[in-house]
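Structural description and commentary
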Amino acid sequence: MRFYLSIFFLQFFFPVVVFSQTTISGRITDAKNQPVAGANVSIRDSYDGASADANGSFKFTTSDEGDVVVVASMVGFTSVEKKLRLSGGEITLNFTLKESSNELNTVTITAGAFEASDEKKMVILSPLDIVTTASAVGDIYGALQTLPGTQPTQEQEGLFVRGGDASEAKTLIDGMLVSNPYFSSVPDVPQRGRFSPFLFKGTNFSTGGYSAQYGQAMSSVLVLESEDLPPRSMGNISLMTVGGGGGYTKRWANTSLGANATYINLTPYFSMVKQNRDWDAPPQTFSSSLVFRHKTSETGMLKAFLNYQYSDLSLNYPDIEDATNNSKMHFGMNNYNIFSMLSYKDVFDKKWTLNLAGSYSKDLSRVRPYPQSLVFSNQLWQARGTIAHSLGELSVIRAGAEVQYNPFSNLYNNDRIDSTELFSAVFIEGDAYITHKLVARGGLRVENSYLLRASNIAPRLSVAYKLGKFDQINFAYGDFYQTPDRNYLIQTNLDHFEKATHYILNYQYVDEKRTFRIEPYYKIYHNLVRVITPMRNPYEPMTAEDSKGKGYARGVDVFWRDKKTFKYTDYWISYSFIDAKRNSLYNYPEELQQTFTSNHIVNVVWKRWFPKLRSSFGFTYAYASGRPYFNPNKMDESNILSDRTRDYHNLSINLNYLTTIHKYFTIISLTVGNVAGFDNVYSYTYNSDGSRRNAIGPTSKRSVFLGVFINIGHDDTE
Amino acid sequence: MKKYLLLLMCITTSVFAQESKKFVSAMEKNLATLKDAKTGEDYTNIANAFERIAKAEPKEWLPSYYQAFALILSANDVSDGMKKDAIYDKAMAVAKAAEGISPDNSEIVTLQSWITSMKITVDPMNRGQKLGMEAAMLTAHAIELDPENPRPYFLKGSGLFYTPEQFGGGKDKALPVLETAVEKFNNFKPKSKLMPEWGKDRAMMLLDECKK
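This report concerns the structure included in the present document.

Analysis parameters
- Residues numbered from 1 in each chain as written.
- Chains lettered and ligands numbered in written order.
- Predicted model: local features only at pLDDT ≥ 70, side-chain atom pairs only at ≥ 80, totals over all residues.
- Heavy atoms only, no water.
- Helix = DSSP H or I, 4+ residues; strand = E, 2+ residues; numbered from the N terminus.
- Buried < 20%, exposed > 50% of the residue type's maximum accessible area, 1.4 Å probe, protein only.
- Contact = heavy atoms within 4.5 Å.
- Lys, Arg positive; Asp, Glu negative; His and termini not counted.
- Charge placed at Lys NZ, Arg CZ, Asp CG, Glu CD.
- Salt bridge = Lys/Arg side-chain N within 4 Å of Asp/Glu carboxyl O.
- Phe/Tyr/Trp six-rings, centres within 6.5 Å; stacked < 30°, edge-to-face > 60°.
- Pairing = 2+ DSSP bridges.

What about the overall build of chain A?
For chain A, the count of helices and strands is 5 helices and 40 strands. The burial tally for chain A puts 52% of its 718 residues in the buried class. Within chain A, contacts between residues at least 6 apart in sequence are counted, and of these 61% link residues at least 24 apart. Measuring between centres, the 71 positive side-chain charges of chain A sit 4 Å from its 69 negative side-chain charges.

Structure follows, in structure tokens:
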């Protein structure tokens, strides 16, 4: 016993008993045999180990014995483990580390897509870009119109993408369709989008070839992803030449609730800046919204959003038929719009992502184009569920279903039309990463329309390959269907979805500060609705003759953005060439270039920050070649739509000044639209015998916007 | 029987003592290396050393704390924004792991706030507003957890020092916060040799700058 005890005491007093030492050395390299400097080599559960030097070499000595696991790890690489038996002496051990996938080394689907997000590092447009683009004046759609593939159509709202009309572009918020994303149409007066860009953390704008998750859009989808929990409670006040507003968001631990209200009235502004329209009652708008967020778990999020808007206006149009120019045509409108939605997202077992969403929206417009009175009501109930399952490191499979119930009614004087559309769709889609450099996305979407009594199956395919460190190519193909405008849907002679087939080739170079992309495309249209006369007024009752219209759009989009070359400067240039024709007029079998299509479009957006002046200055220049217009003197088959308006030019400037008002962070923003005073004509209206015409131009030669935006957060200095 | 129990106790305590002695001496050695570190490589190597200890001692928060600390400083020599981000992301993951071991720890929350503000520097235009608020919230939380900890005040003060006046920063605003920080530094006594004690010299330097 004494003997044993003495051993224990020996151990107690001489705890470090050196049995034998093993020296481990070697080299750590990547797949290309380049050294991985700074990699960590260690024996698991021991302090022993070393870092790789600039040559990737390492060396250390350990007193551990027996079977051990040696681990080599490095930021951006997948760790490698090796089993080893230690029994003294020297051991050479080399490691080859593979880069783990990241945004730099992994291919992504880019064809047709412009992504903007706070979270991703490589984005083409960030949410901030939207609000600092001079020509946009804070409107999401205005900023998107500076991207290639879109048409600047200033006499009407909407996104006209790659030869498609505004109905072919859809807006979704967290997967829910927004059926009236713009303020209600007024003839020859373009309207803005209904939603503030600050509501969204991500903007994904696709000009073609998009995923099977989305349908009912032949040209484009704009997928908006709403903000999560705000970082803290905060308020804001805005004072503008056109009105004012304010809001407050309260943040609790896992919950937030925000309320915002804005009132816009253009009367004072119109009295100061000469208008080219004869306003009776300038537009006024009241908007309010409630935003609720609740974090249900580490990964779960419940969101509710309610948006209410009221707007009214009235104006007079010159009666072109009256040679004396004394009589006028009155147009008045008021509109109520509600958009509400509830969504839930969670991740289960790290591999399953569930998204559920429901929405109700209602739009009610009363229109008084003298002497008629029209009432349009449109309600939409919708539900959508998707589930995604990740396979391996990057590959993922998604499936989902959606249903839309859409009662609508149109009242023309005393004629009332009531109808209800029921639309449903299911989709399945998979992203298969064959390697980090090669991905294939295949999808299938099946849709059914009750009023059309028709179904469709739309295949989608996109293949992308990473060429080098910064560039990649992407090919995309797909069929895209949509039901004809609901005003045609009530007719029984239509039984086809309108259809577009896209072929897109995309080359993209993105490094940290510069982006270049070029994207040729070809698009074929089938089963377009054909009408007798072109629509002059969005509230005119229209009848479709058949759905035998065909067409095509082909062209190339080029985009260059550079934040590197000039200090404090960020600029982008986009160019689009579009050749698009379709036969949407029943009596003209020939395919014709439509009134909304320019062949050449250029946008230059330039922003510079002046830190010492606490200011930023930016300008936007837009050019679009002339567009066709209808001339009643040239309605024979060889001459119809052969006239072109003059080319469009617009130079807008924007000045932002940062300051504090009563210790609150404040932005003062001034924007002048068409500062150079270009005389633009968008189209012409003719009298019935074609002897006289009026030019339709902008609502004012120049536009001026001045706003003060105050952020009321916590006082950081307290 | 008693004898054996006593013996067993003797053995186990001696093993524990040995273990903890090994931990303390390894930490002390690495902390000394950390103090002398200058280049990015130095900081990477010392971060690696702390990582090895952290992996072997899953119940100790300090190795992860210092690993994250060294990682932040190792990124200063990196110019590629993507790589910087990857390092800060790892530092944050490590700091979160430390928080898992020692929740409601003012020092760890302070470190998280620091990492968040460093992430802003990669892309100030786009991240400034959002991450700036997050960093400020973390600092406030760190003060809440331990009002006597000088480091969150120092971080807050240096944040204000480097923030332009028009964004609510500037020397005037930094001055009182840095004064508080220095005062708290003077009263601060780390509970052990291994506990964080960085920041005092820098805080005093910035305070002098503010007074100029």
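Here's the deal with the pattern of salt bridges
All names here are of chain A. Per the stated rule, a full pass over the model turns up 34 salt bridges over all chains. Measuring nitrogen to oxygen at the nearest pair gives 2.5 Å for the salt bridge that ties R398 to E429. Here the residue R398 occupies a position in strand β25 (residues 395–412), and E429 occupies one in strand β26 (residues 415–435), the gap between them amounting to 31 residues. Taking the shortest distance from any N to any O, the salt bridge between K499 and D479 comes out at 3.8 Å. Within this pair, whereas K499 is found in strand β30 (residues 498–510), its partner D479 is found in strand β29 (residues 471–482), the two being separated by 20 residues in sequence. Accessibility expressed as a relative area gives 7% for D479, which makes it buried. Put simply, R162, R517, E519 and D557 are held in one network by salt bridges that share partners.

Notes on the packing of aromatic side chains
All names here are of chain A. Taken as a whole and assessed by the stated rule, the structure comprises 33 aromatic pairs over all chains. Taking the centre distance of 5.6 Å and the plane angle of 20° together, the rings of W606 and F619 count as stacked. Taken as a pair, W606 in strand β34 (residues 600–610) and F619 in strand β35 (residues 615–624) lie far apart in primary sequence, 13 residues in all. Cluster of aromatic residues (ring-pair linked, three or more members): Y317, F331, F376, Y412 and Y539.

A word on the side chain of S113 of chain B
Note on placement: S113 of chain B falls in helix α5 (residues 106–122). Setting aside chain neighbours within four positions, we find S113 of chain B in contact with A135, L138, T139 and L155 of chain B.

Some remarks on the pairing of strand β19 (residues 255–265) of chain A
All names here are of chain A. In the sheet, strand β18 (residues 243–251) pairs with β19 via 9 bridges, with the strands oriented antiparallel. Of the residues in β19, the one forming a bridge with R251 is S256. In this sheet, strand β20 (residues 278–295) lies alongside β19 in antiparallel orientation, the contact comprising 11 bridges. Note that in β20 the partner of A259 across the bridge is L290.

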